[in-house]
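Each chain is listed here by its residues.
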Amino acid sequence: QVQLVESGGGLVQAGDSLRLSCAASGRSAAMGWFRQGAGKEREFVAGITWSGGSTVVADVADSVRGRFTISRSNAKNTVYLQMNSLKPEDTAVYYCAARENYGLGYVRQNYDYWGQGTQVTVSS
């Protein structure tokens, strides 16, 4: 069982930056970030391998490529989502997720554990 706690969300203006953090209580094969806007489905944002591989592999959704970056800190057992050039359409609750199986996961069903989420609101 892995517990995840997100932090770093807030209210910002378009063009601003935020860094989200997800502290994990235990190790998993991969970590990811999803987001869910009002009235929308939860969608993949970024993922990164965590354990079980010799090489770190990371990816982000096409909608945020060039603006968002996912990274990890082994020492702090924490995964980060750096969000730059934020747009109003980025407004959503952002969820951290952990995956037991090896390799990156791109859909909600690929992940086994979820944090409570942190609200990101971007005003125009």
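For clarity, every value in this text was computed on a predicted model and none was experimentally measured.

Visitor: I tried to follow the overall build of the protein on my own but got confused; where do I start?
Guide: Summing up its helical and strand segments, the protein has zero helices and 11 strands in all. Listing each helix as α and each strand as β along the protein from the N terminus yields β-β-β-β-β-β-β-β-β-β-β. Over its C-alpha atoms, taken along the principal directions, the protein stretches across nearly 40 × 25 × 25 Å. Across the 124 residues that make up the protein, the buried fraction comes to 47%. By element, 44% of the accessible surface of the protein is carried by carbon and sulfur atoms, the whole surface being about 6400 Å². Distance between charge centres in the protein, computed from 12 positive and 10 negative side chains, equals 5 Å.

Visitor: Can you help me understand the side chain of Thr-118 in this one?
Guide: Mapping Thr-118 onto the fold places it in strand β11 (residues 118-123). Within the local environment of Thr-118, its side chain forms a polar contact with the backbone nitrogen of Gly-9, the two atoms lying 3.2 Å apart. Those residues in contact with Thr-118 that sit more than four places away from it in its chain are Glu-6, Ser-7, Gly-8, Gly-9, Leu-20, Ala-92, Val-93 and Tyr-94.

Visitor: What should I look at first to understand the nonpolar core in this one?
Guide: Across soluble globular proteins, you tend to see nonpolar side chains buried next to one another. Leu-4, Met-31, Trp-33, Val-79, Leu-81, Met-83 and Tyr-94 are the most contacted members of the largest nonpolar core, which has 33 residues in total. Residue assignment for this core shows that the elements contributing at least two residues are β3 (18-24), β4 (30-36), β5 (43-49), β7 (68-73), β8 (78-83), β9 (92-99) and β11.

Visitor: Mind showing me how you'd approach the state of the cysteines here?
Guide: Linking two cysteines covalently through their sulfur atoms gives a disulfide. Summed over the entire model, instances satisfying the criterion amount to one disulfide. At a sulfur-sulfur separation of 2.0 Å, the disulfide partner of Cys-22 is Cys-96. With the S-S bond torsion at -80°, the cross-link from Cys-22 to Cys-96 turns out left-handed. With Cys-22 in strand β3 and Cys-96 in strand β9, this pair connects stretches of sequence that are 74 residues apart. With relative accessibility at 0%, the residue Cys-22 sits in the buried group.

So, how was this worked out
- Residues numbered from 1 in each chain as written.
- Predicted model: local features only at pLDDT ≥ 70, side-chain atom pairs only at ≥ 80, totals over all residues.
- Heavy atoms only, no water.
- Helix = DSSP H or I, 4+ residues; strand = E, 2+ residues; numbered from the N terminus.
- Buried < 20%, exposed > 50% of the residue type's maximum accessible area, 1.4 Å probe, protein only.
- Areas by Shrake-Rupley, 256 points an atom, 1.4 Å probe, with all protein chains shown as cover.
- Lys, Arg positive; Asp, Glu negative; His and termini not counted.
- Charge placed at Lys NZ, Arg CZ, Asp CG, Glu CD.
- Polar contact = N/O pair within 3.5 Å; in protein donor to acceptor, adjacent residues only side chain to side chain.
- Contact = heavy atoms within 4.5 Å.
- Core = buried A, V, L, I, M, F, W, Y, C linked by side-chain atoms within 4.5 Å.
- Disulfide = S-S within 2.5 Å.

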